[in-house]
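These are the residues of each chain, in order.
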Amino acid sequence: MNSLLLWIPLLPLLGFLLNGLFGRRLPKPLVHWIACGATGASFLLAAIVFQRFLNLPERLVQADYFRWIESGDFAASFGFLLDPLSMVMTLVVTGVGFLIHVYSIGYMWAEAGYYRFFAYMNLFMFAMLMLVLADNYLLLFLGWEGVGLCSYLLIGFYFHKPSAAAAGKKAFIVNRIGDFGFVVGLVLLFVTFRTLDFRTLFAQVAALPVEAHYGVLTAITLLFFVGATGKSAQIPLYVWLPDAMEGPTPVSALIHAATMVTAGVYMVVRSNPLYGRAPETLFWVGLIGALTAVFAATIGLFQRDIKRVLAYSTVSQLGYMFVALGVGAYATGIFHLMTHAFFKALLFLGSGSVILALHHEQDMQAMGGLRKYLPVTAATMWIGALAIAGVPPLAGFFSKDEILWHAFAGGARGHLVFFGLATLAAGLTAFYMFRLVFLTFHGRTRVPEEQRHHVHESPRPMTAVLVVLALLAAVGGFVGLPAWLGPNAFRDFLQPVFAQLPPVDGGAHAPHSLAQELAVTGAAVLVGLLGIAAAWVVFIRRGALPDDEKRLGAAHQLIFHKYYVDELYDRVIVRPLAWISEQWLWKIFDAGLVDGLVNGAGAMVRGLGDGARRVQNGLTRTYLGWVAVGAIGVGLYVLFLFG
Amino acid sequence: MPVPSLHVLILSALLFAIGIIGALMRRNLVVMFLCVELMLNAANLALIGFSRRLGQLDGQVVVFFVIVLAAAEAAVGLALVIALYRSRRTLDADQLNLMKY
């Protein structure tokens, strides 16, 4: 078991090394055989491990491979912790990752740097698996930074395009801000508990009471949450994710929708014993999540770039997950993470199929009526859109409904506000998602006449992946049935992970009637259907196009320009920082002080040497004179000393 | 009647002084060379004086070494002087000052 577990992340690393070192000289088919083979084998291993894991008497494996760092009383091991949570994450990451690798064969075939793409993708798989399997915070942080690096490399995959290079840098720098909080939190955690190992730490934490006010646990969890807002694109650090769409579409699907951006959610759930004792932090988690869900959904309403709509949708759905965490429904957050991974990967890959068919056209103004040309893509996108809109019985319905129910019934502060915002976001989501579907696949085609005969369905590997993901998005929700339908297998499976949560007082789990739960479900479905209907009226009945939205005037301007948040950050943060760096740090401190000190030391030695070398005048008799003077000096010295 | 040691030392000091003053004042390399020889022999004289005074042979043995050394030095030194004169056509020490800063 231990060695099987080790090979799950190791295989993608091997694939990365092979393709990274020799890929340039390998034939293209071999490159993708290596990359897909490595991730596919990794998924198979994960499935085998899962099967054995289910049969364990106690579903917990901790495998310590070696001591990684030891210094004083600080110790970090290189070890994996397999519990239901990391099991679910491993399966999702390897499964969706493998599908997207296969899809990339078709999507990236014509691109230069084919081997580079697959090498980075495999490196990403390795880092992500390290993140979810780590048994201590430091190893988790290694994976955390590793996925950040791969995200940067893959966003900037078309590095010859200045916008892609800038987007890569932006993602990296914004994530650094979040990571700063995370690192400070890690140090605080270590100073407080003298360990970073999950099991040791949580055993210690289990003995602590719930913090009524701001205490050290609240500080640690808030700092961790700063890291999560960076990685999982929440207000105020969400700005990098929409720009990350500069990367190839499979990258957007894998990293910026299905897996990496959920790392923040995973980390919070992993730290549930800490968060469970810091209600203040949970309130902020829920509030930020709810605000982000609505805020990003409104931006998604008017975007014209098909991938940007999906990017804001991702930000919004991540906000949903944080709402679940904020009301203490950790298992539900992970459930939505999983279903979201299915349908959002599907939606991104479907949009990739459209983009490929239209030769890299991403503006929905130039699409329309594509269902005739791309039948498989259109059908699967429909399933994905229905799933994200929360239409029963697709996957999104179950997870979204569960979040809304927990927000409604939970006892946490502000839970009704979260519920209201999340319901609003659900309606907006349904609207912009069907706006996308209608504008892309329905109505009359707006593809230029001379291009139409070039438009055809994507190659077999790509459509096959779309179909598989559509199946998952359709039935994936049945593992977590609501209480009135049957047992929630997913939550029961995850239950051991939350053993160290503090016992909840009556409020949170006060009995609620079945009628209430059904009413919430009904409201959620109704809101979703209303959103779809509204989209139908606007974009099918009235036949509106993105260009027509400009008539909405100032409101459209404000939202289309993303509330001018990027411009605001540029004015308030980027430019002052650049000014201070240039005027003070560079010109005064570096060029003046540091260079001055170094050059001054050099000039002083030169001056001294210049004076001293005058002694060397080339006249033999002068030297002889100095010898005589020296001899007399030594003689006198000896005389006075011994005489 | 034996010569007193003090006289020997005074003579040695005089010879040494003449040698060092000559080496410092004169510019002709050959004369400077002779003056250095004079200084060496002044030292020899002092060594012999002490040797006799103390009744030990060590000083006289050292003198032999110094004489051998002086002979070697004379051979090398005069060879250098001749080579120098051939290339520069002068033996004025103050004009041979190319090796400087």
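Please refer to the structure placed before this passage.
These numbers come from a predicted model, not from an experiment.

1. Comments concerning the overall build of chain B
Within chain B, the regular secondary structure consists of 3 helices and 0 strands. Traced from its N-terminal end to its C-terminal end, chain B shows the element sequence α-α-α. The globule rule puts the C-alpha radius of gyration for 101 residues at 13 Å, and the 17 Å found for chain B is more than 25% above it. Within chain B, the proportion of its 101 residues that are buried is 28%.

2. Considering the pairing of strand β1 (residues 61-71) of chain A
Residue and element names in this part refer to chain A. With 9 bridges connecting them, β1 and strand β2 (residues 74-82) associate as antiparallel partners. Looking across to β2, one finds that Q62 is bridged to L81. Connecting β1 to the antiparallel partner β2 that follows it, the hairpin turn spans 2 residues, and G72 within it adopts a positive phi of roughly 60°.

3. Some details on the interface of chain B and chain A
At the junction of the two partners, chain B supplies 14 residues and chain A supplies 12 residues. Surface buried jointly by chain B and chain A totals about 1,100 Å² across both partners, of which 63% is contributed by carbon and sulfur atoms. A salt bridge links A:R621 to B:D94; the shortest N-O distance between them is 2.9 Å. One can count 3 residue pairs in polar contact (both at pLDDT 80 or more) joining chain B with chain A.

4. A few points about helix α5 (residues 137-155) of chain A
For α5(A), built from 19 residues, the straight-helix expectation of 27 Å at 1.5 Å per residue is met to within 8% by its first-to-last C-alpha distance of 26 Å. Most of α5(A) sits inside the fold, with 14 of its 19 residues counted as buried.

5. Considering the side chain of A:R277
Residues and elements named next belong to chain A. Secondary-structure assignment places R277 in the loop between α12 (272-276) and α13 (279-301). E211 provides the closest opposite charge to the buried, unpaired R277, separated from it by 8.9 Å. Among the polar contacts made by the side chain of R277, one reaches the main-chain carbonyl oxygen of A206 at a distance of 3.3 Å. Polar side-chain contacts of R277 include one of 2.9 Å to the backbone oxygen of Q500. When near neighbours in sequence (up to four residues on either side) are disregarded, R277 contacts V205, A206, L208, P209, V210, E211, L217, Q500, L501 and P502.

6. What to know about the packing of aromatic side chains
Residues and elements named next belong to chain A. Evaluation of the coordinates by the stated rule reveals 35 aromatic pairs over all chains. Centre to centre, the rings of W382 and F434 are 5.2 Å apart; their planes meet at 70°, and the pair counts as edge-to-face. A residue pair is termed long-range when its members are at least 10 positions apart, and W382 in helix α16 (residues 375-389) and F434 in helix α18 (residues 415-441) qualify at 52 residues. W382 sits in the partly exposed class, given a relative accessible area of 28%. With a centroid separation of 5.1 Å and an interplanar angle of 55°, the aromatic rings of F398 and F478 are classed as tilted.

7. Considering unusual backbone geometry
All names here are of chain A. For the bond from I235 to P236, the omega torsion is 5°, close enough to zero to count as cis. In this structure, P236 sits in the loop between α8 (216-231) and α9 (240-243). The linkage connecting P392 with the following residue, P393, adopts the cis geometry, with an omega of 5°. Position of P393 relative to the elements: it lies in the loop between α16 and α17 (395-409). We note that A233 has phi near 55°; this positive angle belongs to a residue other than glycine. With respect to the helices, strands and loops of the structure, A233 is situated in the loop between α8 and α9.

8. Some remarks on the packing of helix α2 (residues 29-54) of chain B against helix α3 (residues 58-88) of chain B
All names here are of chain B. Two elements in contact, α2 and α3, have axes whose closest approach is 10 Å; the angle formed by their N-to-C orientations is 175°. The orientation of α2 with respect to α3, classified from their angle, is roughly antiparallel. For the contact of α2 with α3, a count of residues per class yields 16 nonpolar, 5 polar and 2 charged.

Rules and cut-offs
- Residues numbered from 1 in each chain as written.
- Chains lettered and ligands numbered in written order.
- Predicted model: local features only at pLDDT ≥ 70, side-chain atom pairs only at ≥ 80, totals over all residues.
- Heavy atoms only, no water.
- Helix = DSSP H or I, 4+ residues; strand = E, 2+ residues; numbered from the N terminus.
- Rg over C-alpha atoms; globule rule 2.2 N^0.38 Å.
- Buried < 20%, exposed > 50% of the residue type's maximum accessible area, 1.4 Å probe, protein only.
- Pairing = 2+ DSSP bridges.
- Contact = heavy atoms within 4.5 Å.
- Buried area = accessible area lost by both parts, 1.4 Å probe.
- Salt bridge = Lys/Arg side-chain N within 4 Å of Asp/Glu carboxyl O.
- Polar contact = N/O pair within 3.5 Å; in protein donor to acceptor, adjacent residues only side chain to side chain.
- Expected span 1.5 Å × (residues − 1).
- Lys, Arg positive; Asp, Glu negative; His and termini not counted.
- Phe/Tyr/Trp six-rings, centres within 6.5 Å; stacked < 30°, edge-to-face > 60°.
- Axes fitted to C-alpha atoms, helices over the stretch in contact; angles between N-to-C directions.
- Parallel < 35°, antiparallel > 145°, perpendicular 65-115°, else oblique.
- Nonpolar A, V, L, I, M, F, W, Y, C, P; charged D, E, K, R; others polar.

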